[in-house]
Structure formats: C-alpha cells, structure tokens
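# Residue-level structure breakdown
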Amino acid sequence: HEIVRRKILHDQQAVTQLSFEAPDFLRDELLNNVRAHLPEGYDMTHFTPTYRPWQQRLAFVPEGDLFAGISAGKASMVTDEIETFTETGVVTKGGEVIDADIVITATGFNLCVLGGIDFSRDGEPIDVADTVTWRGMMFTGVPNLLWVFGYFRASWTLRADLIADLVCRLLDTMAERGATKVGPELRPEDAGMAIGSWVDPDNFNPGYLVRSEHLLPRAGDKPEWQHTQDYWTERHTLPDEDFTDGCL
C-alpha cells in the first residue's frame, strides 16, 4: 500500500512540475494521447484549452469511453462559449448552432466559503476577505478557528491528515502554556508585505475560484502567510511547525 501510494504521489508531482517547467511539452503529450483515441484528422482545438495544463483541473476519462463514443459517432465535442440560447438549442460565440432537446448546465458553481456561516467577534461581524491566512488554515484577527482545506492536485486527505496532526500539537502546546485562545497576527517584520490572492491565479485559476476570490482570505508573500498547495513542502513544514516564530 505504501509503495503504491508513494508512486501515485510521485507521478502526480512529476506531472505538476512539468505543467510549470515545460507546459508546452506536457500539453503535447496529453493531446497526443487524446489524438490516438480519436478519428484521424479530428479537430483538436476542442481538447486544447487556453490555460496551461493543471492551471485548471485535468479531466480523467476512464477507459477512454468519451473518445470511443466520439469515434463511434455517438457523441461530439465543442469547446466554446455560449452566445445565446435559442428555441432549439444554443449558438456559440464562434457562430456554431447546436440543436438540443435538453441543455444541462454542469459548470459555474459558486464556492460557499466557510459553510456560509456568519462569524462575529465581540459582536462585530468578521469578513474573512479582510484577513490574511496563516498556512492556509487560520485567519488574522480570528481566534480559535482553523479551516481544513486540502489539495487541488493531490488527495484532499493528505493535507487533512497533516492539519489534524498540527491541531493536536497546537492544542497540547496551549495546554502546556495554560492558554485558552490562539490566533495569527502579522509580525512587525511583516509590515509592508505584499498581499495578494489566497491562491496565486498563475498557479491555479478555475472559474469557481476566481469568481469567489472576493470572499476568500488574503495571502502574503512569505510561506507562513500562504496557501501553497505544495504537499512536498508541507509534509515537512507542517509537522515541524514549532509555533514560536511569532505568527501565533
């Protein structure tokens, strides 16, 4: 089990690294695999997004069933934006008319940040968009609240496990000090720190995340004030967090 788990993690990291260091090569490799399952001369623009591989989610096609359906004439692929709906279907911005008996809207959801809960402190409402995240899990000015948020490109539970361990150590540390409250605060050396998006859009920018950016906490330009989405770094930094660097 451990060997298989490590291999999957290694392969995921290798693909992610290629998406940053050699995106054109990775795009060609992915499209060549798709092309091999499609009829000769098929228009590959419908499988070629405008963004870098893994800048948004990669689609997994089990057993190539979608491509088999296209090759058999049972399905077709059109990648475009909808200009308008008509009585008989849709018209794309590229001018293609697509007739349809049923249109299923399967994209465009909006994130419900922190479960949509209205948090307050001493009677004053808290807007997490006005806070800076600590390690992507706690927010400045908000005590005793920790958000479990996993990885976009790897198993969600990998980070949930790391966070669970950190929380237990943090609670033990609080008990040792007789503390009942903990929260992150920007340090004097963080004054003037550049503040940006919770997740760098050049790293990961699906529509649902970009649309909800105004609801999410902010991030700094130092590792302790970022949500890095980097398991291979956090597997060392989170277990080694000593809670004495002045952030908490």
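Relevant structure appears above.
Model, not experiment: these values are computed from the prediction.

### Brief notes about the packing of helix α1 (residues 2–21) against helix α2 (residues 23–35)
Between α1 and α2, the least distance of the axes is 5 Å, while the angle of their chain directions is 125°. When the axis of α1 is compared with that of α2, the two are oblique. Where α1 approaches α2, its residues V15, L18, S19, F20 and E21 are matched on the opposing element by P23, F25 and L26. Partitioned by chemical class, the residues of the contact of α1 with α2 number six nonpolar, one polar and one charged.

### Some thoughts on a nonpolar patch on the surface
A grouping of I82, F85 and V103 is seen on the molecular surface, where their side chains present a nonpolar patch of about 280 Å² in accessible area. Secondary-structure assignment places F85 in strand β1 (residues 82–85).

### Remarks on the pairing of strand β2 (residues 89–92)
Note that β1 and β2 share three bridges and pair antiparallel. Following the sheet pairing, F85 is matched in β2 by V90. Pairing geometry for β2 and strand β3 (residues 97–99), over three bridges, is antiparallel. The residue bridging V91 from the neighbouring strand is V97, located in β3. Hairpin connection, β2 to β3: the antiparallel pair is bridged by four residues, and G95 has positive phi, about 95°.

### Looking at the layout of surface pockets
Considered as a void within the structure, the largest pocket measures approximately 2,400 Å³ in volume. As for the largest pocket, its lining consists of 49 residues, and the residues nearest its centre are H46, Y51, A59, M77 and T79. Looking at the lining of the largest pocket, the element that brings in the most residues is α2, giving seven residues. Residue classes in the lining of the largest pocket are distributed as 28 nonpolar, 15 polar and six charged. When its volume is computed, the second largest pocket comes out at roughly 260 Å³. Around the second largest pocket, the lining is made up of 13 residues, and of these V113, I117, D118, I126 and V128 lie nearest the centre. Looking at the lining of the second largest pocket residue by residue, the classes come out as ten nonpolar, one polar and two charged.

Conventions used here
Residues numbered from 1 in each chain as written. Predicted model: local features only at pLDDT ≥ 70, side-chain atom pairs only at ≥ 80, totals over all residues. Heavy atoms only, no water. Axes fitted to C-alpha atoms, helices over the stretch in contact; angles between N-to-C directions. Helix = DSSP H or I, 4+ residues; strand = E, 2+ residues; numbered from the N terminus. Parallel < 35°, antiparallel > 145°, perpendicular 65-115°, else oblique. Contact = heavy atoms within 4.5 Å. Nonpolar A, V, L, I, M, F, W, Y, C, P; charged D, E, K, R; others polar. Patch = residues over 30% accessible without salt bridge, like charges linked within 9 Å, V, L, I, M, F, W, Y side chains within 5 Å. Areas by Shrake-Rupley, 256 points an atom, 1.4 Å probe, with all protein chains shown as cover. Salt bridge = Lys/Arg side-chain N within 4 Å of Asp/Glu carboxyl O. Pairing = 2+ DSSP bridges. 1 Å grid on protein atoms, 1.4 Å probe; cavity = no way out; pocket = protein on both sides within 12 Å on 5 of 7 lines; lining within 4 Å. Points joined across faces, edges and corners; volume = space filled by probe spheres on them.

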